[in-house]
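One-letter residues, chain by chain:
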Amino acid sequence: MPLKKIVKAPNVILRKSSKPVKNIDESVKNLIQDMLDTMYNASGIGLAAVQVGILSRIVVIDTSKDDNKKNPIVFINPKIINKSKKTVTNEEGCLSIPGYYGEVERHDTCEIEYEDISGFKKTIDADGILSRCIQHEIDHCNGVLFIDHLSKLKRDIIEKKLKKNIK
Ligand code: NI
């Protein structure tokens, strides 16, 4: 399967909102396989379709740490339907913003509604790293990046550096 090129900030596509998937057809299934291959190749734990240049609400996640036991979850049209009031702050990075990290506040736990690759409606209670990761990836589907959650000062510094990279 071909690896996709990961779109890097400040590419404007990362700021666009992705569209719901209506039919899970062959092209969608191929895209999902390519996204998984691309995520594993980049040693990431999550990837949204917009990060490979496709504005569809598709997210792949694998938070298992063991390389030999892959445990991918495919989220099509994921939506947060419940979230804890309690929040936790932890360090985050992003394959589209390589080399930068920041402390991001997220809901401690959340409940996600989504469709699986067969089109079945499912829900999952997410906590820990999965909860953080799915909130980060759903942000991507809405054109939001983790740096948007940082203080304006920190965000400005990172954005300035990113802009220099494209010159
Ligand atoms: Ni990301």
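Criteria and thresholds
For every chain, the first residue of the written sequence is number 1, and numbering continues from 1 along that sequence. Side-chain atom pairs in this predicted model are given and counted only at pLDDT of 80 or more, local residue features only at pLDDT of at least 70, and totals for whole chains, interfaces and linings cover all residues. For the side-chain quantities, the full set of heavy atoms in the structure was used; hydrogens and water were omitted. Helix and strand definitions follow DSSP, with helices as H or I runs of at least four residues and strands as E runs of at least two, each counted in order from the N terminus. Two things to know: the radius of gyration comes from C-alpha atoms, and the globule rule equals 2.2 Å times the number of residues to the power 0.38. Remark: exposure states derive from per-residue accessible area (1.4 Å probe, protein chains only) relative to the maximum for the residue type, with buried under 20%, exposed over 50%, and partly exposed in between. The contact criterion used throughout is that any non-hydrogen atoms of two residues lie within 4.5 Å. In this description, accessible areas are obtained by the Shrake-Rupley approach with a 1.4 Å probe, and a residue is regarded as covered only by the protein chains that are shown. Charged residues are defined narrowly, with Lys and Arg counted positive, Asp and Glu counted negative, and His plus the chain ends left uncounted. Where a charge sits is defined by one atom per residue type, namely NZ (Lys), CZ (Arg), CG (Asp) or CD (Glu). Each pair of strands is called paired provided DSSP finds at least two bridges between the two strands. Here an axis means a line fitted to C-alpha atoms, over the contact stretch when the element is a helix, while the angle between two N-to-C directions is reported on a 0 to 180 degree scale. The donor set comprises N, O and S atoms within 2.8 Å of the metal, extended to 3.2 Å for Na, K and Ca; water molecules are omitted, so apparent gaps in a site may simply reflect that omission. Salt bridges, as used here, are contacts in which a Lys or Arg side-chain nitrogen is within 4 Å of a carboxyl oxygen on Asp or Glu.

1. Concerning the overall build of the protein chain
And step 1. Assigned secondary structure in the protein chain consists of three helices and seven strands.
And step 2. Reading the helices (α) and strands (β) of the protein chain from amino to carboxyl end gives α-β-β-β-β-β-β-β-α-α.
And step 3. For 167 residues, the compact-globule estimate of 2.2 N^0.38 gives 15 Å, and the protein chain sits close to it at 15 Å.
And step 4. For the protein chain, the spread of C-alpha atoms along the three principal axes comes to 45 × 40 × 35 Å.
And step 5. Residues classed as buried in the protein chain amount to 42% of the 167 residues present.
And step 6. Sequence-distant contacts in the protein chain: of pairs separated by 6 or more residues, those separated by 24 or more amount to 63%.
And step 7. A total of about 9600 Å² of accessible surface is found on the protein chain, and carbon and sulfur atoms cover 50% of it.
And step 8. Taken as two groups, the 28 positive and 23 negative side-chain charges of the protein chain have centres that lie 8 Å from each other.

2. Thoughts on the pairing of strand β3 (residues 73-83)
And step 1. Across four bridges, strand β2 (residues 58-61) lies against β3 in antiparallel orientation. Each residue of the ladder has a partner; that of Ile-58, found in β3, is Ile-76.
And step 2. Sheet topology note: the β3/strand β6 (residues 110-115) ladder contains five bridges and is antiparallel. Residue pairing in the sheet places Ile-76 in a bridge with Glu-115 of β6.

3. Side note on the environment of Met-35
And step 1. Following the sequence through the fold, Met-35 ends up in helix α1 (residues 26-41).
And step 2. The exposure class assigned to Met-35 is buried, which follows from its relative accessible area of 0%.
And step 3. With 31 residues separating them along the chain, Met-35 and Lys-4 place their C-alpha atoms 7.1 Å apart.
And step 4. If near-sequence neighbours (up to four positions away) are discounted, Met-35 is found in contact with Leu-47, Ala-48, Ala-49, Val-52, Ile-58, Val-59 and Val-60.

4. So, the sheet that holds β3
And step 1. Across the sheet, five strands lie side by side as β1-β2-β3-β6-β7; this open sheet has antiparallel pairing. Only two strands of the sheet have a single partner each, and these edge strands are β1 (46-48) and β7 (121-126). In this sheet, neighbouring strand axes are inclined to one another by 40° on average, regardless of whether the strands run parallel or antiparallel.
And step 2. In the sheet, β6 pairs with β7 via six bridges, with the strands oriented antiparallel. Of the residues in β7, the one forming a bridge with Glu-115 is Lys-121.
And step 3. Along the sheet face, α1 touches β1, β2 and β3 and points at about 40° away from the line of β2.
And step 4. Strands β1, β2, β3, β6 and β7 of the sheet are contacted by helix α2 (residues 128-141), whose axis makes an angle of about 155° with β2.

5. Comments concerning the coordination of the nickel ion
And step 1. Every protein donor of the nickel ion is listed here as Cys-94 (SG), His-136 (NE2) and His-140 (NE2), and their distances to the metal cover 2.1 to 2.3 Å.
And step 2. The sequence pattern describing where the donors of the nickel ion fall on their chain is C-x41-H-x3-H. Taken together, the residues span about one helical turn, with His-136 and His-140 both in helix α2 at a distance of four residues. The residues His-136 and His-140 share a single accessibility class, namely buried.

6. Here we look at the pattern of salt bridges
And step 1. According to the stated counting rule, one finds nine salt bridges in the structure shown.
And step 2. Residues Lys-4 and Asp-34 are paired through a salt bridge, measuring 3.9 Å at the closest nitrogen-oxygen approach. Of this pair, Lys-4 sits in the segment before α1 while Asp-34 is found in helix α1, placing the two residues 30 residues apart along the sequence.
And step 3. For Asp-34, a relative accessible area of 7% gives the class buried.

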